[in-house]
Amino acid sequence: MEVPLNLKNTENARRAAPNMKCLADFLVEKEIGEGSFSTVYHGREKEGEKREIALKVCLKKLILKNKMVTYIHREKEALALLSREENAHPGVVTLFATFQDAESLYFVLSYAKYGDLVSLIQKQPDSKLKVGDARYYGANLLSALEHIHKLGIIHRDVKADNLLVKHDGRILLTDFGSSKFLKDYEKDTNSNEETQPTQRRRSFVGTAFFVTPENLEDVRNVNNFQILQLLTGSDMSPASDLWSFSVTLYFFLTGNFPFEDISEYLVFKRIQDVLYRFSDDFPDENARDLIEKMLVKEQKDRLTSDQMKHHKFFESMDFENLQEIEPPRIY
Ligand code: ATP
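Nothing here was measured: the structure is a model prediction, and the numbers come from that model.

J.: Looking at this structure, how should I read the packing of helix α8 (residues 238-254) against helix α10 (residues 285-294)?
T.: Angle between the axes and distance between the axes are the two parameters that describe a pair of packed helices. Interaxial distance between α8 and α10 falls to 9 Å at its minimum, and their mutual angle equals 150 degrees. Comparing their axes, α10 and α8 come out roughly antiparallel. Classified by chirality, the crossing of α10 by α8 is left-handed. Contacts between α8 and α10 involve Leu242, Trp243, Ser246, Leu249, Tyr250 and Leu253 on the former and, on the latter, Ala287, Leu290, Ile291 and Met294. The residue inventory of the contact of α8 with α10, partitioned by class, reads nine nonpolar, one polar and no charged.

J.: Looking at this structure, I do not really get α10. What am I missing?
T.: Think of an α-helix as 3.6 residues a turn; residues three or four steps apart then line up on the same face. Every buried residue of α10 is accounted for by Ala287, Leu290, Ile291 and Met294. For α10, the angular spread of buried residues about the axis comes to 95 degrees, placing them on one side. Where α10 is buried, its residues meet α8 and α11 (305-309). Sitting at the head of α10, Asp284 places a side-chain oxygen 3.0 Å from the backbone nitrogen of Asn286.

J.: Please clarify how the packing of helix α5 (residues 131-150) against α8 should be interpreted in this entry.
T.: Two elements in contact, α5 and α8, have axes whose closest approach is 10 Å; the angle formed by their N-to-C orientations is 165 degrees. The angle between α5 and α8 falls in the class roughly antiparallel. The chirality of how α5 crosses α8 is right-handed. Here Val131, Ala134, Tyr137, Gly138, Leu141, Leu142, Leu145, Ile148 and His149 of α5 come into contact with α8, specifically with Pro238, Asp241, Leu242, Phe245, Thr248, Leu249, Phe252 and Leu253. Tallied by class, residues from the contact of α5 with α8 come to 13 nonpolar, three polar and one charged.

J.: Hey, could you run me through the sheet that holds strand β5 (residues 104-110) in this one?
T.: In any sheet, the strands associate via hydrogen bonds between backbone groups, in a parallel or an antiparallel arrangement. Ordered in space as β1-β2-β3-β5-β4, the five strands form an open sheet in which the pairing is antiparallel. Both edges of this open sheet fall to β1 (26-34) and β4 (95-100), since each of them pairs with a single strand only. If you compare each strand with its neighbour and ignore which way they point, the axes differ by 25 degrees on average. Direction of pairing for strand β2 (residues 38-45) relative to strand β3 (residues 52-59): antiparallel, over a ladder of seven bridges. Across the sheet, the residue bridging to Tyr41 is Leu55, located in β3.

Cut-offs applied
Residues numbered from 1 in each chain as written. Predicted model: local features only at pLDDT ≥ 70, side-chain atom pairs only at ≥ 80, totals over all residues. Heavy atoms only, no water. Axes fitted to C-alpha atoms, helices over the stretch in contact; angles between N-to-C directions. Helix = DSSP H or I, 4+ residues; strand = E, 2+ residues; numbered from the N terminus. Parallel < 35°, antiparallel > 145°, perpendicular 65-115°, else oblique. Left-handed = near helix turned anticlockwise from the far one by under 90°. Contact = heavy atoms within 4.5 Å. Nonpolar A, V, L, I, M, F, W, Y, C, P; charged D, E, K, R; others polar. Buried < 20%, exposed > 50% of the residue type's maximum accessible area, 1.4 Å probe, protein only. Arc of directions from axis to C-beta. Polar contact = N/O pair within 3.5 Å; in protein donor to acceptor, adjacent residues only side chain to side chain. Pairing = 2+ DSSP bridges.

Next comes the structure, spelled out in structure tokens:
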């Protein structure tokens with residue numbers, strides 16, 4: 001869905017709010033990707049540091065049509081909090097500015113030259129990562145998750161598709177549209193409002209693999225259609241992100257997902273029963289042990305992020321100095 005860039009509209013918006021950024025402040029170079037209701041462009045600031053940026057343009061009419069208003073608010077709120085100087089983390093995408101005009105909402109984000117990690121992994125031999133590379137990306141993802149959890153944010157959509165690779169090979173966690181502030185939890189579990197937008201509920205292709213057991217109620221007595229209604233996310237916590245982290249680590253090391261089947265319904269049943277296996281050629285015993293300790297039904301029985309950092313799989317990783325480690329060159 002191509003989103004037209006209308007310079008005149010944003011100039012009008014600037015007249016209404018002179019201190020805000022607008023489209024005219026950026027050189028927009030080329031389109032780099034599309035989401036369900038947005039188009040992302042590569043660009044550059046015209047003034048100041050002239051930083052490279054990614055400009056995410058979301059069409060208001062598509063947001064309204066797909067009931068994505070809450071989704072967009074979550075993304076903006078979470079990113080705004082995480083982009084404050086005192087909260088910045090090198091492994092989390094930065095939101096430099098937001099603005100809007102009559103047709104669109106604009107997010108000005110840090111630019112990741114090599115796009116998402118899944119696309120890069122798919123270009124590797126056997127479409128998977130070497131153990132050392134998986135350890136590096138895993139450690140960086142874990143560090144970013146620990147950071148956002150400390151700030152009271154659960155990501156809720158952790159997967160390699162939401163990791164972007166910068167020009168220097170370092171990764172950024174992105175896509176906070178499904179995130180939750182921990183303080184909101186009580187409130188949201190008691191409501192059936194549209195915090196889970198319809199578009200998201202229906203767009204589980206490729207994401208079903210990362211759903212957590214606590215994201216599902218009883219899937220035994222329902223049909224394939226009803227299952228979508230069960231994706232409530234009502235009982236999710238930081239431990240849920242750590243479950244998805246482990247699914248992601250399994251994916252890094254094998255190119256597959258631990259819970260795969262011929263339909264989403266069967267995938268969800270497997271997740272609920274925690275039915276998965278490691279192939280005989282699974283490449284690393286320590287990674288296997290870590291994943292086994294994380295893919296556990298009860299959240300309280302999973303390792304905490306601190307315990308994960310001290311697990312044997314991450315023994316060689318200096319979590320205090322991750323920025324000193326040379327990233328893999330998989331691009
Ligand atoms: P959906 O909205 O359907 O979940 P999405 O999250 O991939 O999809 P966008 O956030 O609009 O949608 O991103 C579209 C594509 O643009 C991404 O797949 C990615 O390749 C690219 N992209 C997004 N953000 C950046 C960024 N900061 N730097 C570089 N590329 C980006």
